[in-house]
Amino acid sequence: MLNSTGRKYRMIFQRALLREFAGLAGAVFMTLFAIAVTTRLIRLLGQAAGGKFPSDAVFAFLGFFALGALPVLLSLTMFISVLLTMTRSWRDSEMVIWFASGQPLTAWLRPVMLFALPQIAVIGALSLFISPWAAQMAGQYTSKIEQRDDVSRVTPGVFGETANRTRVFFVESVSGDSSAVQNIFVSSVHGTKSGVSMSRSGHTETAPNGDRFIVLEQGRRYEGA
């Protein structure tokens, strides 16, 4: 009879812990994920505004970051969930009740392992396969962006820089098909001479060899030492 009662208390104890672990894990993971993604998004938006990469690449980089950060976030979630559950149990004197019912402190091991082992397997898979793949894809995407021509770097309302870093340009607006641009500003440096070009409108052209250009119309250019 005593053994049956002890097993009953043990099962109740384990189910209560697993239920609390799962509830806390969901809340902790969503909080950590939101903080990490928001912080990274702010940084990426700042870099895009500074012209380091086009704005249409922000969400791609954010996705690669999220995949790479999952192992760390899941590890923190597992640790914080167990720590908060144990802290609450001591603070609310639940541990005294469980000790009085014959449950030792080592009874925590089984529910903690049942909660942690599936997550450890997921973390291992993410660390071995998903995170390296995300890092590789992010590197390839960065290389692809760096190889884009200067016309492809044009982002309306954002100052940009050419690949050779000799020109800084600003385009106020671009048509839907990207063939017409409005209000263009270009500052260039060639040797000891600097120049500023301003144009009310312009359009893109593609040369027979595939090179793309922006032809400025209704504008002026100032050049000096």
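This text goes with the structure placed above it.
Computed from a prediction, not measured in an experiment: that's the story for all the values here.

**Student:** Run through the pairing of strand E4 (residues 193–206), naming residues and quoting values.
**Tutor:** Taken together, the 10 bridges between strand E3 (residues 180–190) and E4 define a ladder with antiparallel strand orientation. Looking across to E4, one finds that phenylalanine 185 is bridged to methionine 198. Linking two consecutive strands that pair antiparallel, namely E3 and E4, is a turn of two residues; a positive phi of about 65° is found at glycine 191 within it. The pairing of E4 with strand E5 (residues 212–224) spans 12 bridges and is classified as antiparallel.

**Student:** Which residues make up the environment of phenylalanine 170, and what values do they have?
**Tutor:** Within the secondary structure layout, phenylalanine 170 lies in strand E2 (residues 167–174). The class for phenylalanine 170 is partly exposed, based on a relative accessible area of 22%. Considered as a pair, phenylalanine 170 and threonine 39 are 131 residues apart in the sequence and their alpha carbons are 27 Å apart. Apart from residues no more than four positions distant in its own chain, phenylalanine 170 is found in contact with Gly157, Val158, Phe159, Asn183, Ile184 and Phe185.

**Student:** Tell me about helix H2 (residues 58–91), residues and numbers included.
**Tutor:** At leucine 70, H2 shows its largest kink, close to 45°, and the proline proline 71 lies no more than four residues downstream. Just downstream of H2, serine 93 is the residue with a positive phi angle, here 65°.

**Student:** Can you explain the sheet that holds E5? Please cite residues and give values.
**Tutor:** Backbone hydrogen bonds hold the strands of a sheet together, and the pairing may be parallel or antiparallel. The five strands lie next to each other as E1-E2-E3-E4-E5, forming an open sheet whose pairing is antiparallel. Each edge of the sheet is formed by a strand with only one pairing partner; in this case those strands are strand E1 (160–161) and E5.

**Student:** Any chance you could break down unusual backbone geometry for me, citing the residues and the numbers?
**Tutor:** One non-glycine residue, asparagine 183, lies in positive phi territory at about 50°. Along the chain, asparagine 183 falls in strand E3. The phi dihedral of glutamine 218 is positive, around 55°, even though this residue is not glycine. Mapped onto the elements, glutamine 218 comes out in strand E5. Under the relative-accessibility criterion, glutamine 218 is labelled exposed at 60%.

**Student:** Kindly report on the environment of lysine 193, identifying the contributing residues and their values.
**Tutor:** Within the element layout of this structure, lysine 193 appears in strand E4. With a relative accessible area of 47%, lysine 193 lands in the partly exposed category. Counting along the chain gives 31 residues from lysine 193 to glycine 224, while the straight-line C-alpha distance between them is 5.6 Å. When neighbours within four sequence positions are excluded, lysine 193 is seen to be in contact with Ser188, Glu223 and Gly224.

**Student:** Give a description of the packing of aromatic side chains that names residues and reports values.
**Tutor:** One pass over the full model with this rule turns up six aromatic pairs. Relative to phenylalanine 33, the ring of phenylalanine 29 has its centre 5.8 Å away and its plane inclined at 20°; by these criteria the two rings are stacked. Of this pair, phenylalanine 29 and phenylalanine 33 are both found in helix H1 (residues 2–49), four residues apart, which corresponds to roughly one turn of the helix. On the basis of relative accessibility, which here comes to 26%, the residue phenylalanine 33 falls in the partly exposed class.

**Student:** Please provide a residue-by-residue account of the nonpolar core, values included.
**Tutor:** Counting residues in hydrophobic clusters, the biggest one holds 17 residues, and the most contacted among them are Phe13, Phe21, Trp108 and Phe115. For this core, the secondary-structure elements that each account for two or more residues are H1, H2, helix H3 (94–100) and helix H4 (109–146). Per-element tally for this core: the top contributor is H4, with five residues. Contacts of phenylalanine 115, omitting those with residues within four sequence positions, involve Leu18, Phe21, Ala22, Ala25, Met78, Ser81 and Val82. Judged by nonpolar contacts, the second largest core, of nine residues, contains Leu44, Ala48, Phe53 and Leu62.

What counts, and at which threshold
Going along each chain's sequence as written, the residues are numbered from 1 onward. Only residues with pLDDT of at least 70 are given local features in this predicted model, and only at 80 or more are side-chain atom pairs given and counted; all residues enter the totals for whole chains, interfaces and linings. Values shown for side chains rest on all heavy atoms present in the structure; no hydrogens or waters enter the calculation. The criterion for strand pairing is that DSSP finds at least two bridges linking the strands in question. Helix and strand assignments come from DSSP, with helices taken as H or I runs of at least 4 residues and strands as E runs of at least 2, each series counted from the N terminus. Relative accessible area decides the class of each residue, using a 1.4 Å probe on protein chains only: under 20% of the type maximum gives buried, over 50% gives exposed, and in between gives partly exposed. Only heavy atoms matter for contacts: two residues are in contact if any of them lie within 4.5 Å across the pair. To obtain the bend at a residue, axes are fitted to the seven residues ending there and to the seven starting there, and the angle between these axes is taken. Two rings from Phe, Tyr or Trp (for Trp, the six-membered ring) form a pair when their centres sit within 6.5 Å of each other. Planes less than 30 degrees apart are called stacked, planes more than 60 degrees apart edge-to-face, and all others tilted. Residue types Ala, Val, Leu, Ile, Met, Phe, Trp, Tyr and Cys, when buried and joined through side-chain atoms within 4.5 Å, form a set referred to as a nonpolar core.

Geometric values such as these leave the question of function open.
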